[in-house]
Amino acid sequence: MKAKSTALRNVTSTSLIGLGLLFASQASANECELKIAATDAMQFDTKELSVPASCKEVTLTLTHTGTLPKAAMGHNWVLTKAADMSAVATEGMSAGPDAAYVKAGDTRVIAHTPLVGGGESTSITFSTAGMSATEAYQFFCSFPGHWAIMQGSFKLKA
Ligand code: ZN
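Scoring rules and cut-offs
- Residues numbered from 1 in each chain as written.
- Predicted model: local features only at pLDDT ≥ 70, side-chain atom pairs only at ≥ 80, totals over all residues.
- Heavy atoms only, no water.
- UniProt positions renumbered as here; feature names shortened; annotations may be inferred.
- Disulfide = S-S within 2.5 Å.
- Helix = DSSP H or I, 4+ residues; strand = E, 2+ residues; numbered from the N terminus.
- Pairing = 2+ DSSP bridges.
- Axes fitted to C-alpha atoms, helices over the stretch in contact; angles between N-to-C directions.

- As named in an unreviewed UniProt entry, the protein is Azurin, taken from Shewanella septentrionalis.
- Taken from UniProt, the Function (unreviewed entry) comment for the protein reads in full: "Transfers electrons from cytochrome c551 to cytochrome oxidase."
- If you open the UniProt record of the protein and go to Subcellular location (unreviewed entry), you find "Periplasm".

And the structure:
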């Protein structure tokens, strides 16, 4: 550290101050990125996801850590208001796997990924516009028969 010039230290300090200001006005990109894993045992690895309410966009990566094919043990990640979950999941069953078991044009669906099979992963970025820190949201897998177990809460932290 002693070898560093004063000039370099000044540049570093300035950069850190700049970053500090950025963080103060908007959540860092990392805080707005979520990862979730799903298994052959029909489980997500978490029951709770949250991001700061200051995230304008959220990027979620779903990884299927199992080995079973999509047709047998496909998983996706669907986000709705908690109150909408069961209806969206039930009505999505007839949409079929190519539509990721999500009814076409379902405006109750805030975001959803395609289905993935074992060893695959998928990523989506969605806007939080219209979402609220006071609303209860739920994420789930809409593969038929999975949503009753594969679900959890999603929150925007104020
Ligand atoms: Zn599933």
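## Some words on the state of the cysteines
Inference 1: Under the counting rule described, the total for this entry stands at one disulfide.
Inference 2: In this model, C32 is linked to C55 through a disulfide, with the two sulfur atoms separated by 2.0 Å. Between C32 and C55 the disulfide shows an S-S torsion of about -90°. By sign, it is left-handed. With a gap of 23 residues between them, C32 in the loop between α1 (6–25) and β1 (33–38) and C55 in the loop between β2 (48–52) and β3 (57–64) connect regions that are remote in the sequence.

## Points about the sheet that holds β1
Inference 1: Here we have three strands laid out as an open sheet, ordered β1-β3-β6, and mixed in their pairing. What marks the edges here is a single partner per strand, and that holds for β1 and β6 (121–127). For this sheet, the mean angle separating the axes of adjacent strands, direction not counted, is 20°.
Inference 2: Inspection of the sheet shows β3 paired to β6 by seven bridges, in the antiparallel sense.

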